Each structure stands twice: as structure tokens, then as C-alpha cells.
Amino acid sequence: QVQLVESGGGLVQAGGSLRLSCAASGRTFSSYNMGWFRQAPGKEREFVAFIRWDGSTYYADSVKGRFTISRDNAKNTVYLQMNNLKPEDTAVYYCAATQRSGWPKGTYEYDYWGQGTQVTVSS
């Protein structure tokens, strides 16, 4: 099994940047596909970005070109670099892990979740 812990959230002004980290425990981290999701108050948890075990990536249209997901299997860590942040990016950000194949973008497709880290973007 995998345990996930997010970090790196905080307050930032619009146009600024943050890098979120998700540290994973488990000997088989490299075999998992990893996703980032976010949930704003009063809204459903939504897909943000996905990275497969082989490094291939996919992004939600709302963050494409601004966010970059990456992973360092040697450090058992996945990252979300967020640039040109907007107030609408304000949310709790969660990392998640799955062994499902394909391009999973639904919350139901993930087996393990972190506790979340708050990102607040002011204007």
C-alpha cells in the first residue's frame, strides 16, 4: 500500500508560483500512476494533472500551460509546479495514487489519497 503526504501549499499573490510536493511511502511507488486533484469550497473535487509510471502526463484544460506535474521515483515524490496562479486556483490540493491503466481522471479511480494542502491565491 501507499501513504501520501502533501506539502508546499500556502498564500500567494495572483501571478505567483508554488510547488507542491507529495511524499509517498511504499516500496512500489514507481509502479503507481499519480494524480493531483483540487477542491474549492462548495465545489466537487476536480482533476488537475496526471502522470503515469513512465512519465507521460495529462492536464486539465484549466491548468494546461501553467502547471507541470513531475515525479522523482528515487525520492518517492511527485510534484506539482504551479505558475501564473489565478484566484480561481484557490483550493485544497490532493495527490492520489492508482495502479489502474489508461488515463484515470475520476476520483473513484484512485486507491490512495493524501490529506490535502491548502493553496490560496489573492488578487
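Presented here is a report on the structure given in the accompanying data block. Note that this is a predicted model, so its numbers are computed, not measured.

Definitions and cut-offs
- Residues numbered from 1 in each chain as written.
- Predicted model: local features only at pLDDT ≥ 70, side-chain atom pairs only at ≥ 80, totals over all residues.
- Heavy atoms only, no water.
- Buried < 20%, exposed > 50% of the residue type's maximum accessible area, 1.4 Å probe, protein only.
- Helix = DSSP H or I, 4+ residues; strand = E, 2+ residues; numbered from the N terminus.
- Pairing = 2+ DSSP bridges.
- Disulfide = S-S within 2.5 Å.
- Axes fitted to C-alpha atoms, helices over the stretch in contact; angles between N-to-C directions.
- Salt bridge = Lys/Arg side-chain N within 4 Å of Asp/Glu carboxyl O.

### Thoughts on the pairing of strand β5 (residues 46–51)
When you tally the buried positions in β5, you get 5 out of 6 residues, the bulk of the element. Relative to β5, strand β4 (residues 33–39) runs antiparallel, the two being bridged by 5 bridges. Along β5, the bridge assignment pairs Arg38 with Glu46. In textbook terms, the turn of a hairpin is the stretch between consecutive antiparallel strands, and for β4 and β5 this stretch comprises 6 residues, one of which, Gly42, has a positive phi near 75°. Hairpin connection from β5 to strand β6 (residues 57–59): 5 residues lie between these consecutive antiparallel strands, with Gly55 at a positive phi of about 95°.

### As for the state of the cysteines
Evaluated as defined, the whole model comprises 1 disulfide. Residue pairing for Cys22: its cysteine sulfur links by disulfide to Cys95, the two sulfurs lying 2.0 Å apart. An S-S torsion of about 55° defines the bridge between Cys22 and Cys95 as right-handed. Pair noted here: Cys22 is in strand β3 (residues 18–25) and Cys95 is in strand β9 (residues 91–98), with a separation of 73 residues, a long-range link. The exposure class of Cys95 is buried, given its relative accessible area of 0%.

### With respect to the sheet that holds strand β1 (residues 3–7)
Spatial ordering of the open sheet is given by β1-β3-β8-β7, a layout of 4 strands whose pairing is antiparallel. Single-partner strands in this sheet number two, and they are β1 and β7 (67–72). Along the sheet, successive strands turn relative to each other by an average axial angle of 15°, direction set aside. Summarising the sheet, β7 and strand β8 (residues 77–82) pair through 6 bridges and their orientation is antiparallel. Considered in β8, the bridge of Phe67 is made with Met82.

### A look at the environment of Ser17
Residue placement: Ser17 occurs in the loop between β2 (10–13) and β3. The spacing of Ser17 and Leu85 is 68 residues in sequence and 6.2 Å in space, taken between C-alpha atoms.

### Digging into the pattern of salt bridges
Considering all chains together, one arrives at 5 salt bridges under this definition. Arg38 serves as the salt-bridge partner of Asp89, at 2.9 Å between the closest nitrogen and oxygen. Of the two residues, Asp89 is situated in the loop between β8 and β9 and Arg38 in strand β4; the sequence distance between them amounts to 51 residues. There is no split in this pair, since Asp89 and Arg38 are both buried. A salt bridge links Arg100 to Asp111, with the shortest nitrogen-to-oxygen separation between them at 3.2 Å. With a gap of 11 residues between them, Arg100 in the loop between β9 and β10 (112–113) and Asp111 in the loop between β9 and β10 connect regions that are remote in the sequence. Each of Arg38, Glu46, Arg66 and Asp89 takes part in a single network of salt bridges with overlapping partners.

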